[in-house]
Amino acid sequence: MESLINRSFVSLVIVQIASLFGSAVLRFALPLYVLDLTESATLMAAVTAAAWLPYIVLTPIGGVAADRVNKKRIMAALDAIMAATCIVYLGFEGAIDLVGLSVFALVVLYAVQSVYQPTVQATVPFLVPRQGVVRATAVVSQISALSGLVGPVVGGLVFGLFGIGPVVAVSGVAFALSAVLIVATVRIPHDAVERSDAGVVRTVLGDISESLSFLRHDRPVILKAIFLAAGINLTLTALILVGTPVVVTQVLGLPNQYMGFAEGALALGGLAGGIAVGALASRLKIERAPLLLLLATLALVPVAAVLGVPMDPLVAYGVLVASLFVSMACATMFSIQAVSFVQMETPGHLVGKVIALMMSLANCAQPVGQLVYGGLFDALRADLVPVVLGTAAVSFAIGLATWRVLGRGLRDVEPERSIECD
């Protein structure tokens, strides 16, 4: 743990608290606001899916920027853009269509995150030694989970009591504070990268092509696992993102504040998963990580009971929250191990681009899944049990496939490591 206690890494963690809190508040409140306005799960899912599109398209470019441009300047500029977006939202609130305004804010948020997150992940290996990468990644994940815990709870309370305006204002202050802290406190090593005469477009395409070539020829196990992760996002993740607000606010008929607490349970599960990885880092093996995916999918079974068995709304809510907590904790433990594995297996000059590609490819199925589940939850509102159980079954099968792929792929990687060590 001593390897993590350095000024550069601590400064990065402090900055992340403010920035991720602002993101968590907006990401929670705006789709819920659209659901309140329209009472349509399909429209809410469409809004969130539309916001994901720039994330998927721009994330590879964000990875290129993370490896070529000063990371400190990138993060400061992106937080400033989000603070300005919140000001624009507040200025136009009530003057134009609120659904369109919410879509605009979400699109900017996800576009910013497409560059911000690869930059943060690419920074970690430069701030801590190799033996501290897993724990450092776990700490970054814990900060994200903590922000995701506090953000929705605060956002739900403020939104339920005062409306969307104050929620956006709180987020804007958080982004502005993060931008100031980055400029004043963060120190990230930066080696100037030689500029290419090929032009911006060719440089970006060349860098992305180099990263894909590395995945295809040197670490195909990572590429296969990425596509399996896309399957999880298509099913399990999309179901949780679309289904949770619908079940809490419409099926159970509970106030928006309860949705904030449910979102907080997801974040608390992520926080617990991050703490567990940090504590057990020396004992965890990447080849066993898919077991956690299997546990995450099994946690959906109690959700089916909530939808199929008559029970008091608050009891049903408690079962739902507990299931979300367990599912998120297991999924986070798997995710941290996977990201750490990629960070350690990728050369320094490619780490930002490879992580960005991983994020983009793994998340490309999520908007499709959200659109599908939005339609399913509207069409099958009277009987959602088959939807939940079917999703659990498919996700479980993907978890088994991931276990098999990692087992075979890691056996192929070991001889290469031995050669490199020799």
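Relevant structure appears above.
Every residue gets a number counted from 1 within its own chain, in the order that chain's sequence is written. Local features in this predicted model are restricted to residues of pLDDT 70 or higher, and side-chain atom pairs are both shown and tallied only at a pLDDT of 80 or more, whereas totals for entire chains, interfaces and linings draw on every residue. With hydrogens and water excluded, all non-hydrogen atoms of the structure serve as input to the side-chain values.

Engineer: Explain the overall build of the protein to me, please; I cannot follow it from the model alone.
Structural biologist: A count of helical and extended segments in the protein gives 15 helices and zero strands. Buried, partly exposed and exposed residues are distinguished by accessible area as a fraction of the type maximum, computed with a 1.4 Å probe on protein chains only: under 20%, between the cut-offs, and over 50%, respectively. The burial tally for the protein puts 55% of its 422 residues in the buried class. When checking whether two residues touch, look at their non-hydrogen atoms; a contact exists if any pair is within 4.5 Å. Partitioning the contacts of the protein with sequence separation of at least 6, the portion at a separation of at least 24 is 88%. Each helix corresponds to a stretch of at least 4 residues labelled H or I by DSSP, and each strand to a stretch of at least 2 residues labelled E; elements are numbered beginning at the N terminus.

Engineer: Whenever I open this one, the side chain of Thr 391 confuses me. Can you help?
Structural biologist: Looking at the secondary structure, you find Thr 391 in helix α15 (residues 385–421). Since its relative accessible area comes to 4%, Thr 391 is described here as buried. For Thr 391, the side chain forms a polar contact with the side chain of Tyr 373, separated by 2.6 Å. Non-local contacts of Thr 391, meaning those with residues more than four positions away in its chain, are made with Thr 235, Leu 236, Leu 239, Leu 300 and Tyr 373. The definition of a polar contact used here is a pair of N or O atoms within 3.5 Å, where within protein one atom must be able to donate a hydrogen and the other to accept one, and adjacent residues in sequence count solely through side-chain atom pairs.

Engineer: Explain the packing of helix α1 (residues 7–38) against helix α4 (residues 98–127) to me, please; I cannot follow it from the model alone.
Structural biologist: Between α1 and α4, the least distance of the axes is 10 Å, while the angle of their chain directions is 155°. If you check the angle between α1 and α4, you find them roughly antiparallel. The chirality of how α1 crosses α4 is left-handed. In terms of residue class, the contact of α1 with α4 is made up of 19 nonpolar, nine polar and one charged. Helix axes use the C-alpha atoms of the stretch in contact, all axes being lines fitted to C-alpha atoms, and the angles between their N-to-C directions lie in the range 0 to 180 degrees. These descriptions rest on fixed angle ranges, namely under 35 degrees for roughly parallel, over 145 for roughly antiparallel, 65 to 115 for roughly perpendicular, and the rest for oblique. Handedness of a crossing follows from how the near helix is turned relative to the far one, being left-handed for an anticlockwise turn of less than a right angle and right-handed for a clockwise one. Under this grouping Gly is polar, as are all residues other than the nonpolar Ala, Val, Leu, Ile, Met, Phe, Trp, Tyr, Cys and Pro and the charged Asp, Glu, Lys and Arg.

Engineer: I tried to follow empty space enclosed by the protein on my own but got confused; where do I start?
Structural biologist: Whether a set of points on the 1 Å grid over the protein atoms alone is a cavity depends on a 1.4 Å probe fitting there but being unable to get out, while an open set qualifies as a pocket with protein on both sides within 12 Å along at least five of seven lines; lining residues are those with an atom within 4 Å of a point. Grid points are joined across faces, edges and corners, and a volume is the space filled by probe spheres set on the points. This structure, assessed with the given rule, holds two cavities of 30 Å³ or more. Approximately 100 Å³ is the volume found for the second largest cavity. Around the second largest cavity, the lining residues are Leu 239, Ile 240, Gly 243, Thr 244, Val 247, Leu 300, Val 303, Leu 307, Leu 320, Leu 324, Phe 377 and Val 388. Secondary structure elements with two or more residues in the lining of the second largest cavity: α8 (220–251), α11 (301–308) and α12 (313–345). At five residues, the largest contribution of residues to the lining of the second largest cavity is made by α8. Class assignment of the residues belonging to the lining of the second largest cavity gives a composition of ten nonpolar, two polar and no charged.

Engineer: Explain the nonpolar core to me, please; I cannot follow it from the model alone.
Structural biologist: As a rule of thumb, nonpolar side chains are buried together in soluble globular proteins. Among buried residues, the Ala, Val, Leu, Ile, Met, Phe, Trp, Tyr and Cys ones that are joined through side-chain atoms within 4.5 Å form a nonpolar core. Ranked by size, the top nonpolar core spans 119 residues in total, and within it Leu 26, Tyr 89, Ile 164 and Phe 377 carry the most contacts. Per-element accounting of this core gives the leading share, 15 residues, to α1. Filtering out sequence-adjacent residues up to four positions away, Phe 377 remains in contact with Ala 41, Leu 239, Gly 243, Val 246, Val 247, Leu 384 and Val 387.

Engineer: Just checking my understanding: could you explain the packing of α11 against α12 for this structure?
Structural biologist: What describes two packed helices is the angle between their axes and the distance between those same axes. Where α11 meets α12, the closest approach of the two axes is 9 Å, and the angle between their N-to-C directions is 160°. Classified by the interaxial angle, the pair formed by α11 and α12 is roughly antiparallel. As for how α11 packs across α12, the hand of that crossing is left-handed. Between α11 and α12, the residues in contact are Pro 302, Val 303 and Val 306 and Ala 316, Val 319, Leu 320 and Ser 323, respectively. Looking at the contact of α11 with α12 residue by residue, the classes come out as six nonpolar, one polar and no charged.

Engineer: Please explain the side chain of Gln 113 as it appears in this structure.
Structural biologist: Mapped onto the elements of the fold, Gln 113 is located in helix α4. Within the structure, Gln 113 has its side chain in polar contact with the side chain of Ser 23 (distance 3.1 Å). If we skip the residues at most four places from it in the chain, Gln 113 touches Leu 20, Ser 23, Tyr 55 and Pro 118.

Engineer: Where do I start with α1 in this structure?
Structural biologist: Note that an α-helix has 3.6 residues per turn; residues three or four places apart therefore point the same way. By definition here, a helix of n residues has an expected span of 1.5 Å times n minus one. The end-to-end C-alpha distance of α1 is 48 Å, a good match for the 46 Å that 32 residues give at a rise of 1.5 Å each. Most of α1 sits out of view: 24 of its 32 residues are buried. One or two residues past the end of α1 sits Glu 39, with phi positive at roughly 55°.

Engineer: Any chance you could explain a nonpolar patch on the surface here in plain terms?
Structural biologist: For patch detection, residues must exceed 30% relative accessible area and be free of salt bridges, and they are connected within 9 Å for like charges or within 5 Å for nonpolar side chains (Val, Leu, Ile, Met, Phe, Trp, Tyr). Computed with a 1.4 Å probe, the accessible areas rest on the Shrake-Rupley method; for each residue, only the protein chains presented here act as cover. Each reported salt bridge corresponds to a side-chain nitrogen of Lys or Arg within 4 Å of a carboxyl oxygen of Asp or Glu. Taken together, Leu 291, Leu 295, Leu 298, Val 301, Leu 389, Leu 400 and Trp 403 make up a surface patch of nonpolar side chains, about 590 Å² in accessible area. Residue position: Leu 298 is located in helix α10 (residues 290–298).

Engineer: So what exactly am I meant to see when it comes to the environment of Leu 241 here?
Structural biologist: Looking at the secondary structure, you find Leu 241 in helix α8. When its relative accessible area of 37% is taken as the criterion, Leu 241 is described as partly exposed. Note: C-alpha distance between Leu 241 and Glu 263 (22 residues apart in sequence) is 9.4 Å. Setting aside anything within four residues of it in sequence, one finds Leu 241 in contact with Gln 366 and Gln 370.

Engineer: Please clarify how α8 should be interpreted in this entry.
Structural biologist: With 32 residues, α8 extends 43 Å from end C-alpha to end C-alpha; this agrees with the ideal 46 Å at 1.5 Å per step. Across the chain, bend at a residue is computed as the angle between axes fitted to the seven residues ending at that point and the seven starting from it. The largest bend in α8 comes to about 40°, at Asn 233.

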